[in-house]
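# Working through the structure, step by step
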Amino acid sequence: MATASAHHTARTQADEAADEAARTAAYEVVFDAAVAADERIEPRDWMPDAYRSTLVRQIAQHAHSEIIGMQPEANWITRAPSLRRKAILMAKVQDEAGHGLYLYSAAETLGVSRDELLDKLHSGRQKYSSIFNYPTLTWADVGAIGWLVDGAAITNQVPLCRCSYGPYARAMIRVCKEESFHQRQGYELLLALSQGTPEQHAMAQDAVDRWWWPSLMMFGPPDDESSHSAQSMAWKIKRHSNDELRQRFVDICVPQAESLGLTLPDPDLVWNEERGHHDFGAIDWTEFWEVLKGNGPCNDQRITQRRRAHEEGAWVREAAAAYADKHTNRAVGSTSTTGETGATRA
Ligand code: FAQ
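Reading the values: the criteria
- Residues numbered from 1 in each chain as written.
- Predicted model: local features only at pLDDT ≥ 70, side-chain atom pairs only at ≥ 80, totals over all residues.
- Heavy atoms only, no water.
- Phe/Tyr/Trp six-rings, centres within 6.5 Å; stacked < 30°, edge-to-face > 60°.
- Helix = DSSP H or I, 4+ residues; strand = E, 2+ residues; numbered from the N terminus.
- Buried < 20%, exposed > 50% of the residue type's maximum accessible area, 1.4 Å probe, protein only.
- Patch = residues over 30% accessible without salt bridge, like charges linked within 9 Å, V, L, I, M, F, W, Y side chains within 5 Å.
- Areas by Shrake-Rupley, 256 points an atom, 1.4 Å probe, with all protein chains shown as cover.
- Salt bridge = Lys/Arg side-chain N within 4 Å of Asp/Glu carboxyl O.
- Lys, Arg positive; Asp, Glu negative; His and termini not counted.
- Charge placed at Lys NZ, Arg CZ, Asp CG, Glu CD.
- Core = buried A, V, L, I, M, F, W, Y, C linked by side-chain atoms within 4.5 Å.
- Contact = heavy atoms within 4.5 Å.
- Axes fitted to C-alpha atoms, helices over the stretch in contact; angles between N-to-C directions.
- Parallel < 35°, antiparallel > 145°, perpendicular 65-115°, else oblique.
- Left-handed = near helix turned anticlockwise from the far one by under 90°.
- Nonpolar A, V, L, I, M, F, W, Y, C, P; charged D, E, K, R; others polar.
- Near = heavy atom within 4 Å.
- Polar contact = N/O pair within 3.5 Å; in protein donor to acceptor, adjacent residues only side chain to side chain.

## Description of the packing of aromatic side chains
Per the stated rule, a full pass over the model turns up 10 aromatic pairs. A ring pair is formed by F31 and Y51, whose centres lie 5.0 Å apart and whose planes are at 75 degrees; its orientation type is edge-to-face. Taken as a pair, F31 in helix 1 (residues 2-36) and Y51 in helix 2 (residues 49-68) lie far apart in primary sequence, 20 residues in all. For the pair F31 and Y51, one class covers both residues: buried. A centroid spacing of 5.4 Å and a plane angle of 45 degrees characterise the contact between F219 and F249, whose relative ring orientation is tilted.

What follows is the structure, given as structure tokens:
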């Protein structure tokens, strides 16, 4: 009898596993068809585990970049040369905080908590963009970041407005509008310096010399070393490869540099009639991978400051949670059938 019962249980388990596999296969067909038809995948839709984890990785890295990216420019808020420049810079840095919040919210729709993501950033288990590990040495760096770093960010993020995952795509629409303002303010700042005194012009040129190559690295490793691109493009998370977007950015920047009266620091930069694009010099990928390993000029400084800001903000999170609790209790109390809400309000 015992053997028969064990046999029956094993058969039931096998049937259930087969049912589960058939259900997953059916869901996968629906998911693949939605992606192929350029429909949006929404939080409650079925999605492959790997699609979910890829999105969490990319959106978290993006969110972390936005909030760590506040540091290099915040370095200059107290030293902005005029009230107008200071007001613009403060608005820009606050926008970056807002971008971080939209993105953490988008990641939360995938079933991860913001605490968990911040913990991974603080413990070095998740990345942020390589670009924010470089120092802002002069006021002109604020202009170079706006023109080049925000310019690269827009080039990368406009296609993400068509990402297959709905909440990420929608967050990108507003982010891109704000990034356009950031890019314009950087361009305008650099133009003022470039057309200023010889010292100001030299300061603008020096900033462009230092930020050009790291900006090209923002697009990620070359396509043949990009581990995630093929799958992310098949899922329509990424719409273009790293090299395609890098090339697009170079082509956009060349005429803008000419209008600025500044030189891009690449002797190999030349228009290629046949390709219809600019050729450009070799990127130092050793530097990129070193920065990713934590060996950039400011990695330690950035993460130490981020951890400190998080610790110093603990009281704000506690106060916000206590306030939310109070309101939840009040709402529960006010729907009480006895009408006795007084106790929870005390
Ligand atoms: N830095 O296979 P791929 C901004 C990693 S926002 C660090 O090509 P993927 C606004 C990558 O994670 C800037 N790590 O990866 C602002 C992977 O490592 P893993 C941030 C990088 O994801 C302006 C490995 O290399 N923007 O600037 C970088 O398919 C001013 C292999 O790479 C975004 O995050 C890098 N640059 O493509 C704020 C946009 N590149 O995870 C303040 C969204 C690659 O396997 C002031 N993200 N890695 O350990 C993306 O579009 C993509 O994630 C890429 C990388 C294109 C960045």
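## Topic: a negative patch on the surface
A cluster of acidic residues, D223, D224, E225 and E244, forms a negative patch at the surface. The residue D224 is located in the loop between helix 8 (198-217) and helix 9 (229-234) in this model. D224 gets classed as exposed once you look at its relative accessible area, which sits at 71%.

## What about the pattern of salt bridges?
As enumerated under the stated definition, the model contains 18 salt bridges in all. Here D38 ties to K236 by a salt bridge, and the two come within 3.2 Å at their closest N and O atoms. Of this pair, D38 sits in the loop between helix 1 and helix 2 while K236 sits in the loop between helix 9 and helix 10 (242-260); the two residues are 198 residues apart in sequence, bridging distant segments of the chain. Residue classification places D38 among the partly exposed residues on the basis of a relative accessible area of 47%. We note a salt bridge from E290 to K293, for which the minimum N-O separation is 2.9 Å. Of this pair, E290 and K293 both sit in helix 11 (residues 285-295), separated by three residues, roughly a single helical turn. In this structure K293 comes out as exposed when scored by relative accessible area, which is 61%. Residues joined by salt bridges that share partners form a network here, namely E73, K92, E96 and D150.

## Some words on the nonpolar core
Ranked by internal contacts, the top residues of the largest apolar core, which has 77 residues, are Y51, I59, W147, Y165, Y168 and W211. Discounting chain neighbours no more than four positions away, the residues touching Y168 are L55, Q58, I59, H62, L103, A106, L160 and C163.

## Here we look at the packing of helix 2 against helix 5 (residues 114-122)
Between helix 2 and helix 5, the least distance of the axes is 11 Å, while the angle of their chain directions is 70 degrees. Viewed along their axes, helix 2 and helix 5 adopt a mutual orientation that is roughly perpendicular. As for the relative orientation of helix 2 and helix 5, their crossing is right-handed in sense. Taken together, the residues of helix 5 that come into contact with helix 2 (itself represented by V56, A60, H64, I67 and I68) are L117, L118 and L121. Taken together, the residues that form the contact of helix 2 with helix 5 break down as seven nonpolar, one polar and no charged.

## Digging into the side chain of S232
Tracing the chain through its elements places S232 in helix 9. The contacts of S232, once residues within four sequence positions are left out, are T54, I237 and K238.

## Focus: the site of the ligand
Taken together, the neighbourhood of the ligand is formed by 35 residues, with Q61, K127, S226, H228 and K238 sitting nearest. Side-chain polar atom of Q61 to an oxygen atom of the ligand: 2.7 Å apart, as the coordinates give it. At 2.4 Å from an oxygen atom of the ligand is found a side-chain nitrogen or oxygen belonging to K127. Burial of the ligand by the surrounding chains reaches 92%, relative to a free accessible area of 1,100 Å². A total of six residues in the shell around the ligand trace back to one element, the largest contributor, which is helix 2. Looking at the shell around the ligand residue by residue, the class counts come to 12 nonpolar, 14 polar and nine charged.

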